[in-house]
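One-letter residues, chain by chain:
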Amino acid sequence: LLGVPIQPLLAAVIVIGIVLALALRGIAENFAAGIVLQTRRPIHVGDEVQSLGYVGNVVEMNSRVVVIETFDGRLAHLPNSEILREPLLNHTEYGSRRSDVEVRVRSRDFEEVRRWLSEAVGAAPGVMADPAPVVYLTGVDPVRVTALVHFWHDPDDGLTVRTSVIHALAG
């Protein structure tokens, strides 16, 4: 072509193309993952989610990231492609969330302790009646029983309900 060597120009175009492809790969992955998140809708703005080591409420979803506000007030920008690749827990999807409290009671009669714990936790403000609280024996020593109590509550009221359960058990 007019006596000019085309091979160096072709090599430069190929190198630039490869660099651009590598640079845009992450953007393309996040964009494609954003489309999947927007169409499948596993999470919505306002949901409490857990992913990539962060727990918080979704405040924004865009083509690149899901932004969550953690409970200590930080904003975490989680790449869409990572959210699809890693486990994603949506704590608000079913309208209830389980919490646990471990309790040690001075008694050797587990059935009496189980009945008392079930009644006390079930009567605490914010604890859902269905499913009912469940008490599991986790340890027994010469003077006390250790139990784990599971109870369900509204996802947005977790710490408040947990506090009310602890007050009910202390009283």
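This text goes with the structure placed above it.
Residues numbered from 1 in each chain as written. Predicted model: local features only at pLDDT ≥ 70, side-chain atom pairs only at ≥ 80, totals over all residues. Heavy atoms only, no water.

### As for the pattern of salt bridges
All chains considered together, the criterion is met by nine salt bridges. Where arginine 97 meets glutamate 48, a salt bridge forms, and the shortest distance between an N and an O atom there is 2.1 Å. One end of the pair, arginine 97, is in strand S6 (residues 97–105); the other, glutamate 48, is in strand S1 (residues 48–51), and 49 residues separate them in sequence. Under the relative-accessibility criterion, glutamate 48 is labelled buried at 3%. (Salt bridge = Lys/Arg side-chain N within 4 Å of Asp/Glu carboxyl O. Helix = DSSP H or I, 4+ residues; strand = E, 2+ residues; numbered from the N terminus. Buried < 20%, exposed > 50% of the residue type's maximum accessible area, 1.4 Å probe, protein only.)

### Points about the nonpolar core
Counting 18 residues, the largest nonpolar core has Leu117, Phe151, Val165 and Leu169 as its most contacted members. When contributions to this core are tallied by element, the ones reaching two or more residues are S6, helix H3 (110–123), strand S8 (145–153) and helix H4 (158–170). Sorting elements by how many residues they give to this core places H3 first, with five residues. Those residues in contact with valine 165 that sit more than four places away from it in its chain are Val101, Val121, Ala124, Val127 and Phe151. Counting 10 residues, the second largest nonpolar core, distinct from the first, contains Ile43, Met61, Ile68 and Ile83. (Core = buried A, V, L, I, M, F, W, Y, C linked by side-chain atoms within 4.5 Å. Contact = heavy atoms within 4.5 Å.)

### Points about unusual backbone geometry
The omega angle of the peptide bond from aspartate 130 to proline 131 is 0°, so this bond is cis rather than trans. Here proline 131 shows up in the loop between H3 and strand S7 (134–140). Even without being glycine, arginine 41 reaches a positive phi, approximately 55°. Secondary-structure assignment places arginine 41 in the loop between helix H1 (7–40) and S1. Of the residues examined, arginine 41 reaches a relative accessible area of 35% and is grouped as partly exposed. With a phi angle near 55°, leucine 52 is a residue other than glycine that sits in the positive phi range. Within the element layout of this structure, leucine 52 appears in the loop between S1 and strand S2 (54–61).

### Observations regarding the side chain of serine 99
With respect to the helices and strands, the residue serine 99 is situated in strand S6. In this structure the side chain of serine 99 is engaged in a polar contact, spanning 2.6 Å, whose partner is the side chain of histidine 153. When sequence neighbours within four positions are dropped, the list of residues in contact with serine 99 reads Val149, His150, Phe151 and His153. (Polar contact = N/O pair within 3.5 Å; in protein donor to acceptor, adjacent residues only side chain to side chain.)

### A few points about the sheet that holds S8
The strand order across the open sheet formed by three strands is S6-S8-S7, and the pairing between neighbours is antiparallel. Lying at the two open borders of the sheet, with one neighbouring strand each, are S6 and S7. Direction aside, neighbouring strands of the sheet carry axes that sit 20° apart on average. Where S7 lies against S8, six bridges are found, and the strand directions are antiparallel. The partner of valine 140 across the bridge, within S8, is valine 145. Against the sheet, H3 engages S6, S7 and S8, with an angle of about 140° to S7. (Pairing = 2+ DSSP bridges. Axes fitted to C-alpha atoms, helices over the stretch in contact; angles between N-to-C directions.)

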